[in-house]
Amino acid sequence: MNPYVSATLLLSLGLGTTITFASSHWLLAWMGLEINTLAILPLMAQQHHPRAVEATTKYFLTQATGAATLLFATTTNAWLTGQWDILQMSHPLSTTIAILALSLKVGLAPLHTWLPEVLQGLDLTTGLILSTWQKLAPFALLLQIQPTNSTIPIILGITSTLVGGWGGLNQTQLRKIMAYSSTAHLGWMILVLQFSPSLTLLTLFMYLTMTTSTFLVFKLNKSTNINMLATSWAKTPALTTLTPLILLSLGGLPPLTGFMPKWLILQELTKQDLAPIATLAALTALLSLYFYLRLTYAMTLTMSPNNITGTAPWRLPSSQLTLLLAILTMLTISLLPLTPTMMTLLTL
């Protein structure tokens, strides 16, 4: 792709998200979401591969449906209450429809079915953008909506953690595994959204850090399925040693960074007299942990079958910049001792 075109598209991506962040009026927020969607479509379809075009079409139809539903919800709210302000959405009907529309846009279960298929059709760089940056604008709106009925976010959250863990169990494609991982993490965020928005933001920040480092590892190794992970020890032995820690951090094992948001969310849910929900969420986390352990096993304890000639990837030194990966890996592995500092920042 022409560098000028790709720069324009990336700037449009940033502009769309920024407009949504800065808006207090529903129409302006909707416009930001639309710019965001339209800017990523050429990036998704740039390979001109039938799989990529199919993924782009599915993504466009899903996002258009979500945006239309959101516009319907906000118009209904304006009709019933006379308010276009995001923070003034008070009618239960329009609030529920808006939450469901935004859930469809980010890929919360049971509205998640488009996400694994779309992510599987993209290259790892565009998949990274879709899994991280594209979640920010809808989440900014979800944070501003005050749900009148607390049942809906809890149902969405528990369903997402369950489906995210269950769906990834039998997958061999890394991008599909990351899609289910995304759904599970978003479920944890939506669970605690109404009780502690600052905790949701912390979880989102941790999710972005861990997911970005995981995608960068896959990109560096050019891995798209579990079998290709087994060849990484010969190419990048130091990174292969650290990658299991990144994956287990995604799974939420102590003493790694990923344990912090899960621990704080379970604590908050227990404080809100939702101990059964907290127990169920903790059990669903075990499902996710299983497939992260499976990836870890494939990467560190198995050797790639090399009985077919010509299948081994070239072991040339990579020309990709690894500074960002190094920083994110350190954050993914070692932020847990800073939990008290994080808690202080959250209460400011």
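Quantities reported herein were computed from a predicted structural model and do not represent experimental measurements.

**A closer look at helix H13 (residues 237-251)**
Counted at 1.5 Å a residue, the expected span for H13 with its 15 residues is 21 Å, and the 22 Å between its end C-alpha atoms agrees. Roughly 25 degrees is the biggest bend found in H13, and it falls at threonine 243, with proline proline 244 one to four residues downstream. Considering only its buried residues, H13 is in contact with helix H9 (174-192), helix H10 (197-221), helix H12 (232-235), helix H14 (259-271), helix H15 (275-300) and helix H16 (323-334). Taken from the residues just after H13, glycine 252 is the one with a positive phi, measuring 90 degrees.

**Let's talk about the nonpolar core**
Judged by nonpolar contacts, the single largest core of 62 residues is most densely connected at Ile40, Tyr59, Val118, Leu130 and Met260. Each of domain 1 (1-120) and domain 2 (149-307 + 319-347) accounts for three or more of the residues forming this core. Those residues in contact with valine 118 that lie beyond four places of it in its chain are Met44, Ala55, Lys58, Tyr59 and Leu130. The next biggest cluster of nonpolar side chains, apart from the first, holds 29 residues, and it includes Trp26, Leu70, Ile99 and Leu208.

**A few points about the domain arrangement of the chain**
For the chain, the domain assignment lists domain 1 (1-120) and domain 2 (149-307 + 319-347). In this structure, domain 1 and domain 2 have C-alpha centres spaced 24 Å apart. Between domain 1 and domain 2, the contact holds 15 residues from the first and 17 residues from the second. Interface area for domain 1 against domain 2, summed over the two sides, is near 1400 Å², with a carbon-plus-sulfur share of 73%. For the pair domain 1 and domain 2, the interface holds one salt bridge. Here lysine 176 ties to glutamate 117 by a salt bridge, and the two come within 3.5 Å at their closest N and O atoms. Among the secondary structure elements, those contributing two or more residues to the side of domain 1 that touches domain 2 are helix H4 (92-106) and helix H5 (114-120). Across the side of domain 1 that touches domain 2, the residue classes break down as nine nonpolar, five polar and one charged.

Quick notes on the rules
Residues numbered from 1 in each chain as written. Predicted model: local features only at pLDDT ≥ 70, side-chain atom pairs only at ≥ 80, totals over all residues. Heavy atoms only, no water. Helix = DSSP H or I, 4+ residues; strand = E, 2+ residues; numbered from the N terminus. Expected span 1.5 Å × (residues − 1). Bend = angle between axes of the 7 residues up to and from the residue. Contact = heavy atoms within 4.5 Å. Core = buried A, V, L, I, M, F, W, Y, C linked by side-chain atoms within 4.5 Å. Buried < 20%, exposed > 50% of the residue type's maximum accessible area, 1.4 Å probe, protein only. Domains from an automatic or database assignment. Buried area = accessible area lost by both parts, 1.4 Å probe. Salt bridge = Lys/Arg side-chain N within 4 Å of Asp/Glu carboxyl O. Nonpolar A, V, L, I, M, F, W, Y, C, P; charged D, E, K, R; others polar.

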